[in-house]
Every structure is written in C-alpha cells, then in structure tokens.
Amino acid sequence: MELKADRLTKQYDNKIAVDRISLSLEKGVTGLLGANGAGKTTLMRMLSGLLTPTSGEISYDDMSVKSEDYRNVLGYLPQDFGYYPEFTGREFLMYFCALKGLDKKSAKARCAELFEIVGLEEAADKKIRKYSGGMKQRVGIAQAIINRPEVLILDEPTAGLDPKERVRFRDLIGELGKESVVLLSTHIVSDIEHVADRLIMMKDGQICWQGVWKESDGSLEEFYLKQYE
Amino acid sequence: MMKDRELKQLLQINTESPDYASKDAFIRRYKKETGSEKTGHIKLVMMQAGYIRKRIWIISLLIAATFYFPYVESEDKLFVIAGLMPFMAGLSILEVFRSEYHGVSELEAVTKFSAKGVFFARMTLISAFQLMLTAVISALIGINNPYGIAVSGSMLLIPWFITSIISLIVERSEFGRNNRYSFVAVAVCVTCIHTTLYSNGFFQSLDMRYLIFVAALLFALNVFEVRKTIETETLVWN
Amino acid sequence: MEIEEYYDKIYRYCYYKVGNKTLAEDLTQETFLKYLKSICTRPEHYLYTIARNLCIDEYRKVKTVSLEEETVEPADGGFEQSVVDREAVAKALGKLSEEDRELMILRFVNDEPLSEICKITGLSRFALYRRLNNAKSELVKYLEE
C-alpha cells in the first residue's frame, strides 16, 4: 500500500500551484498542514486523479491514479461539495453506493452502518438541505468511506464540525488509519497533531517540512507558525 | 404482550456490532479475492434512469404532444414543433449538467463510474428518449405531408442539434458554468431565428432534401461536441 | 452473496453462540473464507450452516481443553457498553436456551424470513412458528423483569 508522487508540478499560466513535490504515503494517517493557497487542494486533487499534473508522476502500488481500479480503492472528500437538493441523507448515500458499484441490498446495509458511524441515524431520512454545516460534512465523510477505501484523501474534513464532532472524527480517522493510507489536510494544527502519524507542511506550492512530530519536540503550533515567518 | 416490531427494534438497537477496523480490512481483502465486476455501461445507464427527474420526461412528451393540438393547422404542425425542439434540447442540457450546477460532479468523479460516465449515461438516456419521440412525430407528420418522413425528421432534428451544439460550447465556458440557465437563452435565440425564417418563407423556398445532409452533418458535430465536453477536465472539478 | 449484507448478521449469530467478541470475529471471517472456497453459487443460508459448524467445533475445542475452565464467556459477560438497555437485552438473551436464542437472533435481529430459518435449523414451518412464539414469550418475560 503505497501512494507515490514524484516531482509533481501543476502550473496555471504564470502561477505555480504545486512545485516539484515528491512524497510517499503508506498505511497510517498523514496530516497535510498549510495556509490557504499553499497548494494543498491542488496536490490532493492530483493525488485523487481528478487533475492532471503539468509534470511528474503519481502511482498507487502499480495502478495509475486515472484508472477505474484506483477509483475502486479511493475515497475522497473535497473541500467544498454539493448535493442534489431533493435528496435526503439516505438517498444521497444510496446514490453514491450505486455509483461505487454496490448492489441495492449491500447499499442498504452499508448506509445503515455509515449513519451509525457518523452519528446521523436520526437525520438519515431528512432532506440534506435542512442539515446543519456539521451534519453535511459528516454525510460527506460517510460518502468518502462507502467503498472501504485503501486510500482516503480528505480536504479540510473538520471544517464546520463542532468540538464534539471533531473528537468523534479524530477517533474515526484513528481507526481508519490502522488499515488505510489516510491523507487529511487542514490549517488547524489541533485537528491533526494527536491523530497524524506523519506530517507534511506546505508553503507556496512546496513542502517546507515533513516528518514525525513528537511531543518532546515542543509545540507543533509554534513550529508551524515559524514556517510562515 | 410486546409486538414483534417493538421487540425487533429493541433487539436490533441493543445487539453487538463487530469491530469496525477489523471488519473493514477483512471485507476489503475479501472483495479483492472475489474480484469486482468491470464497469458495465448498460448497468450505469439503467441506474441513472432512476435519477433523472420526471419533469424532463414529461415536458419532452408534452412538446411532442403538440402534434395533437387542434388549433395548429396541419401544414404548420411540422414547423411549430420544430420551433419547440430547441427547448427539448435545452432540457437535456439542463439535466446532464446537474452534477456541475449542484457541485456533485467532483464526488461523482471519484466513483467507479466517474463523472464522465454519469454525464455520458444521462446524455444517452435523455437523447435516446427525445430522439425516439422525434422519430414517432416524424412518422406521424411525414406520412401525411409532401416532404416525407426523412425530411420531416431532419426538420425537427436540425434545431435540436443546433441548440445542443451551441449549449455544449456555452456550458464549457466560464459564462456557462456560472449561469445555470444559459441554455434558455440559446433555445430562445434558435427558436426566434427559426420562426423568423419560417415566417419569411425561407423553408418553403428550399429544396428540402438537402436538409437530410444538414441533419447528418449536425449529428456528427453534436457527437464531436459531446465527446469534447466529456473529455474537458473542468467537467470533473471547478 | 454480498458480504456487506451478511457480515454483521453472521457476526451476531456467532457472538450469541460463543459469547466472545474476538472469537466471534474470527469465526465470522473464517465462515466467509470457507464459503469462498466452496462452490460460490450456494445459497446464503449455507453461510449460517458453516458458521454453526464452526461454533460447534469451537465448543468442542473448549470442552477438551478443560471442563472446569470457563473460557467461553456467557453472553451477558462480554459487553463493554455501559448502556443499561444493552446489558438488559444481553442478560435476557442469555437466559434463553441456546436453540431459542439462535431463533431470536435469526428472526428478530437478522430479520431472516421464516423460510430461510427453516432451511438453517431444519425445523418444519409449523414447529418453527411454535418455537418462535414460545421463545418470544420467554424473552419478553425476562426483559420485563
């Protein structure tokens, strides 16, 4: 289980959003820290196969990230996502279960399980447009793990979650990281400092630091802020 | 005595669930062993059929049903329905681009079938339905008029193809992505031009058989534009 | 057979037979692996047959190890949740005979149709109906205590 990127670059006209990034992600949780505009979303979109790099290579084991095989093992939550307004939470998940190849009976069982995991059993049959921001985010997380992905890429997954939801989310990520490659991005240090096995810090499209942060190394928040001085 | 349903609910809520991580890992390995089916386009198309809004089918049928409107003179029927075809095409554009409008296409893009697959499935379904309706109307009209079925069909399809082609080009642009109902403007323009030409006797002065070639050309161009739209990366994210 | 649909059902079936979470998990996964090795067109109730046989083998293993050693925890001893309802349900299920408990799990928790339960247990429809009613009355009595 290895997601590899080699000298990835994404350039738009005169702006370089991602600049020659190389990384190798294995089983466990990797936190991607960086301010808005650092290139996190662009990097994640390339790793998800949604965006073609200007140059560089990406692969997961021996699969191309543009292949159906990769999409079968991938779970992705974008920073902003929408929903069809007529859908209830359950209909939303059932729709994506079908798109991810589950038959109706499996989809029903899986949806019930997912609602329990994200704590939305009571709201499953309500329209998504009536959900709070935190509830919508939880449905998004549920959608990302429908197919029990080997690779889970989450772009700012804690946005809109209240403190209790954040704790629940951290527990879930900790569980998922045991058997999957998890990459989650945030600009809030506390969201990942205790759950990430490894950290990558990005600035201006490049990796400015990566490694394992131990408590004995001091305050991660201070170190992170120092990168931006 | 407790009812069966109450007992069921009580037991189901309060019985043990397996450890999630272990179950997750096992099911993943198991599915890998058993292998997953390769994507079947037919399966995807059938699945998407359930998610196309009923109003799309109903409005398409209503447009075709204007054939039966009694106030339309029989020699004008062909041109009246042809004038409404841009709106039928516009409906199909509205529905196939729903994923984009509602910000769902990025989520669809990372599924087994991908956003392109969903787009293609919807396009196939709606176009097939509307073309079938057009074929029926062409036959009903063509049998009783001097143009014949092929020319009548071409008359109906040409405004449909023109609207579809222009709408696809517009939808790929910045303007189209930010304006959900830009297809309405396209449909209105095509209808206005069509009506003006008809009122000025343009069609009546033509050798209508050439319309068959025009329709065939526009069909090819439409296919080209659909392919170009599917291949556009911006379709899958914004 | 879709594993998504049956994993939890087989897990609960095994759990209420052996009373231990880890063991139930192992038996569940072994059940599916055995099912995979068999001719895969066999019907889903075969999963229960495999699971049942594995549970019986497990019981036999425990008995030959030691008769005094209670390595198999009683059903109401394996719970980690402190929720009162869950403990009460577990306790009540634990008081039933093993056969009655099996029927309750199949019918009321796993929602299996009567025809399937007949195939799994080998009971006639009439006998099943009678046994289910008796088991249900007993369970409700224990739950209301």
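Computed from a predicted model, the values in this text were never measured in an experiment.

Asks: So what exactly am I meant to see when it comes to the nonpolar core here?
Replies: The tendency in soluble globular proteins is for nonpolar side chains to be buried as a group. One finds Phe92 and Ile173 of chain A to be the most contacted residues of the largest nonpolar core, which totals 75 residues. The biggest single contributor to this core is helix 3 (residues 89-99) of chain A, with 7 residues. Among all residues touching Ile173 of chain A, those that are not within four sequence positions of it are Val29, Leu154, Val182, Leu184 and Val195 of chain A. By size, the runner-up hydrophobic cluster in this structure holds 47 residues, among which are Tyr11, Ala51, Ala92 and Leu103 of chain C.

Asks: Could you clarify how one ought to interpret the interface of chain C and chain B in this entry?
Replies: Interfaces are often sized by the accessible area lost when the parts come together. Facing 30 residues of chain C, the contacting portion of chain B comprises 24 residues. Together chain C and chain B conceal approximately 2800 Å² of surface at their shared face, both sides included; 64% is due to carbon and sulfur atoms. Across the chain C-chain B interface, the total number found is 4 salt bridges. Where chain C packs against chain B, one counts 10 residue pairs in polar contact (both at pLDDT 80 or more). For the side of chain C that touches chain B, the secondary-structure elements that each account for two or more residues are helix 1 (3-18), helix 2 (21-37), helix 4 (84-95), helix 5 (98-109) and helix 7 (125-144) of chain C. For the side of chain C that touches chain B, the leading source of residues is helix 1 of chain C, giving 8 residues. Class assignment of the residues belonging to the side of chain C that touches chain B gives a composition of 18 nonpolar, 2 polar and 10 charged.

Asks: Help me out: how do you make sense of the packing of aromatic side chains in this one?
Replies: A ring pair, where both rings are aromatic, is described by two values, the distance of the centres and the angle of the planes. According to the stated counting rule, one finds 27 aromatic pairs over all chains in the structure shown. Ring centres of Tyr30 of chain B and Phe32 of chain C lie 5.9 Å apart, and the angle between their planes is 75°; on these two criteria the pair is classed as edge-to-face. Of this pair, Tyr30 of chain B sits in helix 2 (residues 20-34) while Phe32 of chain C is found in helix 2, placing the two residues in two different chains. Take Tyr30 of chain B and Phe32 of chain C: they sit in the same class, and that class is buried. The positively charged end of Lys77 of chain B is found above the aromatic ring belonging to Phe67 of chain B, 5.2 Å away from the centroid.

Asks: Teacher, can you tell me more about the sheet that holds strand 8 (residues 181-186) of chain A here?
Replies: Strands in a sheet are paired, the pairing made by backbone hydrogen bonds, and the direction either parallel or antiparallel. Residues and elements named next belong to chain A. Taken together, 6 strands build an open sheet; the order of strands is 6-7-8-3-9-10 and the sheet is mixed. Each edge of the open sheet carries a strand with a single partner, namely strand 6 (74-77) and strand 10 (206-211). On average, each strand axis in the sheet is tilted by 15° relative to the strand beside it, whichever way the strands run. The pairing of strand 7 (residues 151-155) with strand 8 spans 5 bridges and is classified as parallel. Each bridged residue has a counterpart across the sheet, and for Asp155 the counterpart in strand 8 is Ser185. Along the sheet, helix 5 (residues 133-144) contacts strand 6 and strand 7; its crossing angle with strand 6, the most-contacted strand, is approximately 165°. Helix 8 (residues 220-227) contacts strand 3 (28-33), strand 9 (198-203) and strand 10 of the sheet and is inclined by roughly 25° relative to strand 9.

Reading the values: the criteria
As a convention, each chain's residues are numbered from 1 in the sequence order in which they are written. The naming scheme follows written order: chains are lettered A onward, ligands numbered 1 onward. Totals for whole chains, interfaces and linings use all residues, but because this is a predicted model, local features are given only for residues with pLDDT of at least 70 and pairs of side-chain atoms are given and counted only at 80 or more. In computing side-chain properties, one takes all heavy atoms of the structure into account and sets aside hydrogens as well as water. Only buried residues count toward a nonpolar core. Its members are Ala, Val, Leu, Ile, Met, Phe, Trp, Tyr and Cys residues joined through side-chain atoms within 4.5 Å. Classification of residues uses two cut-offs on accessible area relative to the type maximum, computed with a 1.4 Å probe and protein chains only: under 20% is buried, over 50% is exposed, and between them is partly exposed. In this text, helices come from DSSP runs of H or I with a minimum length of four residues, and strands from runs of E with a minimum of two, each type numbered from the N-terminal end. Here a residue-residue contact requires only that any non-hydrogen atoms of the pair lie within 4.5 Å. What gets called buried area is simply the loss in accessible area from a 1.4 Å probe that two parts show on being joined, summed for both. Salt bridges are identified by distance alone: a Lys or Arg side-chain nitrogen within 4 Å of an Asp or Glu carboxyl oxygen. What qualifies as a polar contact is a pair of N or O atoms within 3.5 Å, subject to a donor-acceptor requirement within protein and to the restriction that residues adjacent in sequence count only when both atoms come from side chains. Nonpolar residues are Ala, Val, Leu, Ile, Met, Phe, Trp, Tyr, Cys and Pro. Charged residues are Asp, Glu, Lys and Arg, and all others, Gly as well, are polar. Stacked, tilted and edge-to-face are the three classes assigned to paired rings of Phe, Tyr and Trp, where Trp is represented by its six-membered ring and a pair needs centres within 6.5 Å; plane angles under 30 degrees give stacked, over 60 edge-to-face, the rest tilted. The rule is short: NZ of Lys or CZ of Arg within 6 Å of the ring centre and within 35 degrees of the ring normal puts a charge over the ring. Whether two strands pair depends on DSSP finding at least two bridges between them. Angular values range over 0 to 180 degrees, each being the angle between N-to-C directions of two axes fitted as lines to C-alpha atoms, with helices fitted over their stretch in contact.

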